[in-house]
Amino acid sequence: MTMIYDVVVLGGGIAGSVAAKSLAEQGWRTVVLDRQRFPRHKVCGEFLSPESLATLSRLGLLEAVQSLSPSVISSTSLYLESGGVIRLPLPGTALGISRYRLDASFHQAAAAAGASIREGATVISVNMEDRDYTITLRSEGHTEVLRARAVIAAWGGAGLAAGGVKGRKEPDDRQQPDDRHWSHSQRHEGDVKAARQGRLRSSSRTPDYVGVKMHYEMKDFAPDCVQENSAVELYFFRGGYAGVNQVEDGKVNVAALLDRDDIPSKHRSVAGMMEEAACRHPKLHERMAALHAMPATASAVSPVRISMQPVAWNGIPLIGDAICRIPPLCGDGMSMALRSAELCSLYASRYLRGELSLGDWECEYREAIMREFSKPLRWGRLTESLLSSVILSRALPALARLAPKAARGMIQATRLRI
Ligand SMILES: Cc1cc2nc3c(=O)[nH]c(=O)nc-3n(C[C@H](O)[C@H](O)[C@H](O)COP(=O)(O)OP(=O)(O)OC[C@H]3O[C@@H](n4cnc5c(N)ncnc54)[C@H](O)[C@@H]3O)c2cc1C
């Protein structure tokens, strides 16, 4: 007889593996499906905000993260296109840690809690039959079907942008639940080639970005180069921005977002896009001149679209970037992924115990996500526009000096309050 899982989690990034850990700890038969193999490099600034550390602590994961030798980050420096610089303390300690190490350690934690982790398993579709779900996946050239009492979609931003629902247009921010059938397209990270060929055009109202990241070593590296209290640096330039911060073992992560329509053809590789970003800001150029690229650490994602509104449920519950993409400059995407995983697994447990109907789960979870995510998303978008505007940004350093509390308040408004 086919085994019925209690929960199948679709996607094993931060949100998926953390949700699986929580559910498995409560005794639910849980499996995580991810099309990639871990550890893997992933486009991300690799900045774990103070807010995310609080959630990690509640989830029992903070010690595991601290054991990965993250860098400690206590301030932020914003290098504006106009040439001005704003330096602000962070509202608490943040950590710099590679997604290569972080995601793999969350997989270990989920497995230790009793969840099964299946890598190289691409989810093709999800159907509801009676009260259960069937999940069709492709793994090593074979098609397989799993059954579950509940599913949670943690397939990241590409999942949402890819459409999720068979036979429907790409969902927008007003999408409504579809009751019976969800099919997940295979468009995903690493689609820079497709972006280059202009196949991934969209009609969204915000720019389509290409996101790239690479690790670097400091030239003349010595172990004492590992700063005790480093800064996360953000460089704003025409058509995008880049974040630079230390991660584990003194390595430096550089992540950049560039408007897809504004990348010269000679720079359409990860290294090329890094060069393009550096060419657009003299201070970034100077910073990167002191760094050596580390081989096999590059990754890219396209398109990156910043969301207008959070969407917590699309026929099935969504967590992490599947709900919304906050502007990366806020450095709070992982915090939102962790928090939505925490919330959703609580509701899922109540549903599985028979304390909530599916409709109640949907209703309560939607409300909770709207309440917690709408404001940071709105302020994140506003902050991104302000900092990216050459004209407005000319006045910002002086304003930040005159009214430091207001400047900190604005950054604070982009963060999750939990
Ligand atoms: C340029 C850039 C910089 C950023 N910097 C920061 C930062 O400094 N700090 C921060 O907090 N956030 C940052 N973010 C945001 C952060 O990376 C995301 O919010 C976070 O990764 C979301 O986690 P997730 O688990 O929801 O999604 P993901 O980490 O994207 O995981 C989704 C997983 O689902 C899998 N998947 C997708 N489709 C399928 C399928 N069909 N079948 C099986 N598996 C599937 C994928 O392989 C992937 O492993 C940044 C984002 C960008 C683009």
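Residues numbered from 1 in each chain as written. Predicted model: local features only at pLDDT ≥ 70, side-chain atom pairs only at ≥ 80, totals over all residues. Heavy atoms only, no water.

The protein chain carries the name NAD(P)/FAD-dependent oxidoreductase in an unreviewed UniProt entry, which gives Paenibacillus paeoniae as its organism.

Right, let's talk about the pattern of salt bridges for a bit. Following the criterion strictly, the structure yields 26 salt bridges and no others. Ionic pairing is found between E248 and R101, a salt bridge with its closest N-O pair at 3.7 Å. One end of the pair, E248, is in the loop between strand 13 (240-246) and strand 14 (252-259); the other, R101, is in helix 4 (residues 99-112), with 147 residues separating them in the sequence. Residue E248 is classed as buried on the basis of its relative accessible area of 1%. D262 is the salt-bridge partner of R238, the closest N and O atoms lying 2.6 Å from each other. Residue R238 is located in the loop between strand 12 (230-237) and strand 13, and its partner D262 is located in the loop between strand 14 and helix 7 (270-280); the two are separated by 24 residues in the primary sequence. Residues participating in the shared-partner salt-bridge network are R58, R339, E342 and E372. (Salt bridge = Lys/Arg side-chain N within 4 Å of Asp/Glu carboxyl O. Helix = DSSP H or I, 4+ residues; strand = E, 2+ residues; numbered from the N terminus. Buried < 20%, exposed > 50% of the residue type's maximum accessible area, 1.4 Å probe, protein only.)

Next up on the list: the site of the ligand. In the region of the ligand, 33 residues are neighbours, and D34, G45, R99, D321 and M334 sit closest. Note that an oxygen atom of the ligand is positioned 2.8 Å from one of the backbone N or O atoms of M334. For the ligand, the protein covers 95% of the area, taking 1,000 Å² as the surface of the free molecule. For the shell around the ligand, the secondary structure elements donating two or more residues are helix 1 (14-25), strand 2 (30-34), strand 7 (121-129) and helix 9 (333-352). Partitioned by chemical class, the residues of the shell around the ligand number 15 nonpolar, 10 polar and eight charged. (Near = heavy atom within 4 Å. Polar contact = N/O pair within 3.5 Å; in protein donor to acceptor, adjacent residues only side chain to side chain. Areas by Shrake-Rupley, 256 points an atom, 1.4 Å probe, with all protein chains shown as cover. Nonpolar A, V, L, I, M, F, W, Y, C, P; charged D, E, K, R; others polar.)

Once that is clear, we can look at the packing of helix 1 against helix 4. Each pair of packed helices can be described by the angle between their axes along with the distance between the axes. Helix 4 packs onto helix 1 with a crossing angle of 20 degrees between their chain directions and a minimal axis gap of 8 Å. The angle between helix 1 and helix 4 falls in the class roughly parallel. For the pair helix 1 and helix 4, the sense of crossing is left-handed. Taken together, the residues of helix 4 that come into contact with helix 1 (itself represented by I14, S17, V18, A20 and K21) are R99, L102, D103, F106, H107, A109 and A110. (Axes fitted to C-alpha atoms, helices over the stretch in contact; angles between N-to-C directions. Parallel < 35°, antiparallel > 145°, perpendicular 65-115°, else oblique. Left-handed = near helix turned anticlockwise from the far one by under 90°. Contact = heavy atoms within 4.5 Å.)

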